Structures are given as structure tokens and as C-alpha cells.
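Now for the letters of each chain:
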Amino acid sequence: MISLAGRDILHAWGKFVFTGLGLGLLIGVTLTMAGVYRGMVDDAKVLLDNSGADLWVVQQGTLGPYAESSSLYDDTYRGIRAMPGVARAANVTYLTMQVRRGDGDVRAMVVGIVPGGPGEPGQPGYLVAGRQITRGHYEAVADVATGFGLGDTIRIRRNQYTVVGLTRRMVSSGGDPMVFIPLKDAQEAQFLKDNDAIVRSRARTAGNPALNRPGVPGLLDAVIASQSANPYVNAVLVQIEPGYTPEDVAEPIRRWKRLTVYTRVQMEAILIGKLIATSAKQIGMFLVILAIVSAAIVAFIIYTLTLGKIREIAVLKLIGTRNRTIAAMILQQAVGLGLIGFVVGKIAATFWAPFFPKYVLLEPGDALRGFVAVVAICVLASVLAIRAALKVDPAEAIGG
Amino acid sequence: MAELQGQGIRIEGLKKRYGEGDTAVDALKGVDMQVAPGEVVGLIGPSGSGKSTLLKCLGAVIEPTAGRMTLGSDVIYEEGWKISDLRALRRDKIGFVFQAPYLIPFLDVTDNVALLPMLAGRPNGEARQRARELLEALDVAHRARAMPSQLSGGEQQRVAIARALVNRPPVILADEPTAPLDSERALTVIRILEQMARQYETAVIVVTHDEKIIPTFRRIYHIRDGRTHEEAGEGRVLQ
Ligand SMILES: Nc1ncnc2c1ncn2[C@@H]1O[C@H](COP(=O)(O)OP(=O)(O)OP(=O)(O)O)[C@@H](O)[C@H]1O
Ligand SMILES: [Mg+2]
């Protein structure tokens, strides 16, 4: 027996290839959407990996520092360092902002870290060029995705920083590339106002009779000094000593320091379950619509192709073709269309994924799931056409 | 009238009623007909007389209401179908030729003909071999690899006849097979049908309106108002 479906596809290959191409682009978009989601999850994991921390100590009752704002006094880390099982603890600040580059600006996550030896939590783990920050001020390590090169100058608020090192794939959970600067500078950047605001703020303080008392010299200066310093950080990153489980170390900090502590597992759950949950649903919605549209296209095309063959189908039935053979012919055509579409889609997605601004991670598992979905959709979509074909009366071939 | 000894096709008192109650139409009111193997008979009648209905009953695509049909020594219909697999009956025992050739557009000439034996489970090689023999006999072997759309109308009709013959059916039903052809080609088709009928011992029924070919039949059944009347035709010999 010959393959009726195969012969029909060969005969009308133009129709199949062009439809397959259109369907393929749609499937390519679908695979890319899945890749965008995977990329977001991967960005979140990379963020946690790159922080070099085992525990995140944050403001009590918050989901900080990535999913919610969190603020701690910058001397908290001293007490934590003394807790059992803590190997290292370091302050860190995070601030997502527009960073000036030349005439324009780039969106970046500015991370304040304690300058010091490598391996300190919060330090970028791996540099593709240059060195780590060693001075306490005005040095920066930037991710290559920001577009900065070694020796470039970054302007953050009022200060200028020289890029001394470059990283790769250091991004926030939102996909923004990171810029590392010394902690003190970062604290200032989070807090510091422009000159006019400082002048106004000082005037306000001086105008407050409770703070500007003629009988208490030095009080006003002290108040102003305390107002213009920022003693806060967003989190303390903790590395634990070998032999301790994260929970062993986290529990005493929660109890005695009255702070919220997250382990790596909990942090990942927060990032993936809460921070990118809405985006994931958004993408899921897209996937559903794309699947429906693809199914509609396949169904429509296969149905039209089948209607164009009603006469031939009547003849095939009259001369003794089984219903099963005719159904298989239509089914195979639908699946064939899906196969063409899938191949085109996979190639298209692989081709355009690197051009996306955020990381697009095309997982083979997703491709496999996509393939199964495409085949399933094609099978479903051919039901309509098969029903139409099976309803054809062989008597129609004889005519009136 | 040709003598039938349990051969060919025989129809007795065949009736067909479409619908029920007030709207019922009695399309066939008692048809008697017999065609011997190797014989070609004409079936003519005015529009609405029941020609297509009779072909559909013979072709086992609609069920008669009453009567009896036998094919060779097998009773096919007698107050209900006597054969469970009508699809196989159509495939193996009946060849169809239509007004338009209705070839499968995505199969080449050989496979259009070979499809039937393939559907019956014959190996591709054997089916194609049979197809080639018939195409040879019908003088279209040189177009064996062409697609149907590349053939002339007459060539297409000959391929359709080859398809009807390929399973060596005892009966061929031809529904106005010459309608779209000019008179020379129409006569050629009838000549081929007669020749094939003799060669393969096939009973052929040709439904026609076509004045050009009516004189060629030796026997003609007139159908009028659902009843048949047999008469001798001119039986003009074709060369
Ligand atoms: N499916 C049907 N339902 C009801 N009545 C039908 C049906 N098919 C045919 N008829 C009626 O049966 C009668 C015979 O029709 P049939 O098609 O057999 O005629 P015919 O001889 O083939 O005519 P023509 O030469 O015009 O093709 C007509 O009166 C027709 O209206
Ligand atoms: Mg008719």
C-alpha cells in the first residue's frame, strides 16, 4: 500500500510548505515564550548563585531583599558573625536604577558590596576581565551586558566610578545587569539627595525650634549629621561553616537577633513562586492562546484541504477504501503539517533567541513537550476534517 | 436475449422508495434486467426516470426497498443485503466509470489504477504490474508516469476504465461515460468497453443520454417511470 497522505503532500507541497512555514513561526514564538520563562527562572537562580550566600538575613517580616524592600542597620552583621556556624557575613545593598552611560543611560542593579578578599559573600564570583573592587570608594565592577568596558566611567547619582572589572550573566531577577560598587558609596547613593534638597532639608531642620535650641550649642549640627548619613543596608549575606545545615544556623539568628532569615531553598521559592509568578502566568496565558491559534490554523487548513477533496474521497470510498484509511490519510497530513511547523519553529527560535534583550533559555525538555503538544494539537485539529470526510456518501461519486 | 446460467448480473422486481409517508418517492417500481458476462448493454431513459438510482443500488451504495439482485451465483440482495462487507463487494466485484474520470489527482496514472488492488491487500509490485498491463491494453501505457492533470480528457477516461477493470470485476457500471467527449472519442470509449468486456468476461451496464453511442448497443433497457423495458438495439459494429 502506498501512503496517500504522503502522495498528497508531495503533490501539493507548496501549500504544505507555506502553511508549515507560517505555523512554524507561530510555534517558534511559542517555544521562545517558554524560553523567556525558563530564562527568568535561570536568572533568578544565577542571582542566588552569584551572591555566594547560604543565608539571607533581612528585615523582620519581609520577603527581602529581592522581592520586597528590606532594611537593616549596617552593624547588624557584627552580631551575626558571632553566631555559631557562621563563617562569613557581609552587608549588601541593592538598588535598581538608571545608570548614565555616555549620553544615554542603562537600567542596572547597583549592588553595594564590602570591598575585600575574593570569596566574601556578595562579591562577584568570576570576572571575565580586570579585577575585583579593592578600594573603599569610586571603583566599580560591571556586567558586560551594561555595555561598559574596563576603564570606563560610570556616573551614579553625583559620583563617578571607574570600571575595574567585568562580569558576565550577573543579572537581577528582572534581568537587569549588575554594577557592583563599594558598600559605603552604595549606601550614600541610596540615600543621598541632590544639593538643593540637602539645602532645603537643612533649612527645615534649622527652622524646627525643637532641634535648633539656642541654649544647646552643637545639637543642630549633630541632628543634621545624623540626617545625612545612611546607616542602613538591605540584607546581610551569610556563609555557613562546613558541618552545619542552613537551618541549624538560621534558627538561632531568627530567635536571638529577631530577624528574618532565608535559606537558599526558601529564597528560590520566593523568587520563582512570588517575584516572577505574575510574569509566569502572563507567559502561560500567551502559551495557551498561541496553542489555540495554532490549533485553529491547523484545523482550518486541514479542513479546507479536505473539503477540496470531497469528490476524491467519495470516489475512494466507492471503490472500497476503508474509513480508517481515509481518516489516517487526513491525520497523517495534519501531523505532517505539524512536523514541518515544529522543525521551522525550532530553527526559528534557536536563531532569534540570542537577539532578545533578556536571557532566553531554550530547554530540550521544553522542545520535546512542545513537540508532543504540536502532535496532539494536530491530531485534535484533524478531527473536524475527519468527521467531514467520514460523512461523505460514496453515492455522491455516482451523482444524480 | 443472452442466456444466463448463473452468470453475469440479474435483477428481478427491484424497487426503491426514497423517504416515507407523503413525501415518499418511488424511484424504482419493479426493474428486471440481466446482463451476461462479456456483454455491454445500454440503459436509457428520460431525466428522473431512475437511472442513477438503479446504478446506486447495483453499486451497493444505497439499499433497495424490495426485489432481488444476483451476481454470478451469489445473491447480493433479497429483502436486505446478503453480503456483510459491501465495501469489499464494491472493491472486488464492481468497476465504476463515471461521467468525469474522477482520478485521484495526487497519484500518477499507474498508481491511480494500482490503488484498487493495493486496497485489496496486493503487494505494490504486483498491483502496478497489473495496472501496467491494463494501461498497455488501453493504449495509455506511454502516459503511465504522468499525473492525471497532464492527460487529455480521452486519456483520463481510458485510465478510469483501466481502474474499473483492474480487479477483474464481473460487473462494470458506467454512468454517462461519454458525456464530455466528442463523438469520435465517445465511440472509442464504447469500443474499448466492448473489447474489455469480451476479454475479461465482464458484464457492462452503460447509462447514457448520448445519441451518438445508442446505436452501438445490441441490447438496450429503456427505463421510464421506474420500470424497465428491454429492446434490441442496432448493435452497430465498431472498428
Ligand atoms: N436522495 C433522494 N431522495 C428523494 N428522492 C430522490 C433521491 N434521489 C433521486 N430521487 C428521485 O428519484 C427519481 C429518480 O431519480 P434518478 O436520479 O434516479 O433519475 P435519473 O434517471 O438519474 O435522472 P437524470 O437523467 O436527470 O440523472 C427522481 O424523481 C428523483 O427526484
Ligand atoms: Mg442521473
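Higher on the page you've got the structure.
This report concerns the structure included in the present document. This structure is a prediction, so every number in the text was calculated from the model and none was measured. (Residues numbered from 1 in each chain as written. Chains lettered and ligands numbered in written order. Predicted model: local features only at pLDDT ≥ 70, side-chain atom pairs only at ≥ 80, totals over all residues. Heavy atoms only, no water.)

Overview of the nonpolar core
Ranked by internal contacts, the top residues of the largest apolar core, which has 117 residues, are Leu14(B), Met33(B), Leu54(B), Ile205(B) and Val206(B). Grouped together as the second largest cluster of nonpolar side chains are 25 residues, Tyr66(A), Met178(A), Phe180(A) and Leu237(A) included. (Core = buried A, V, L, I, M, F, W, Y, C linked by side-chain atoms within 4.5 Å. Buried < 20%, exposed > 50% of the residue type's maximum accessible area, 1.4 Å probe, protein only.)

Regarding the packing of helix α3 (residues 109–119) of chain B against helix α5 (residues 153–165) of chain B
Residues and elements named next belong to chain B. Packing of α3 against α5 brings their axes to within 8 Å, and their N-to-C directions diverge by 25°. Comparing their axes, α5 and α3 come out roughly parallel. Seen from above, α3 lies across α5 with right-handed handedness. Taken together, the residues of α5 that come into contact with α3 (itself represented by Val109, Asn112, Val113 and Leu116) are Val159, Ala162 and Arg163. Residue composition of the contact of α3 with α5, grouped by class: 5 nonpolar, 1 polar and 1 charged. (Axes fitted to C-alpha atoms, helices over the stretch in contact; angles between N-to-C directions. Helix = DSSP H or I, 4+ residues; strand = E, 2+ residues; numbered from the N terminus. Parallel < 35°, antiparallel > 145°, perpendicular 65-115°, else oblique. Left-handed = near helix turned anticlockwise from the far one by under 90°. Contact = heavy atoms within 4.5 Å. Nonpolar A, V, L, I, M, F, W, Y, C, P; charged D, E, K, R; others polar.)

What to know about the pattern of salt bridges
Residues and elements named next belong to chain A. Within the structure shown, the criterion is met by 29 salt bridges over all chains. Ionic pairing is found between Asp43 and Arg169, a salt bridge with its closest N-O pair at 2.7 Å. On the criterion of sequence distance, the pair formed by Asp43 in helix α2 (residues 13–51) and Arg169 in the loop between β8 (159–167) and β9 (178–182) is long-range, its members being 126 residues apart. Close ionic contact of Arg264 with Asp49 constitutes a salt bridge, the shortest N to O distance being 2.4 Å. Here Arg264, found in helix α8 (residues 264–275), pairs with Asp49, found in helix α2; they are 215 residues apart in sequence, far enough to count as distant. Under the relative-accessibility criterion, Arg264 is labelled partly exposed at 24%. (Salt bridge = Lys/Arg side-chain N within 4 Å of Asp/Glu carboxyl O.)

Examining the interface of chain A and chain B
Tallying the contact residues gives 24 residues for chain A and 26 residues for chain B. A buried area of about 2,500 Å², summed over both sides, lies between chain A and chain B, and 68% of it is on carbon and sulfur atoms. The largest per-residue losses of area from chain A upon contact with chain B belong to Met1(A), Ile319(A) and Ile398(A), which jointly make up 26% of the total buried on that side. For the pair chain A and chain B, the interface holds 1 salt bridge. When the shortest N-O distance is used, the salt bridge between Arg7(A) and Asp111(B) registers 2.8 Å. Our count for the contact surface shared by chain A and chain B stands at 7 residue pairs in polar contact (both at pLDDT 80 or more). The set of elements that each furnish at least two residues to the side of chain A that touches chain B consists of α1 (4–11) and α10 (310–318) of chain A. The biggest single contributor to the side of chain A that touches chain B is α10(A), with 6 residues. (Buried area = accessible area lost by both parts, 1.4 Å probe. Polar contact = N/O pair within 3.5 Å; in protein donor to acceptor, adjacent residues only side chain to side chain.)

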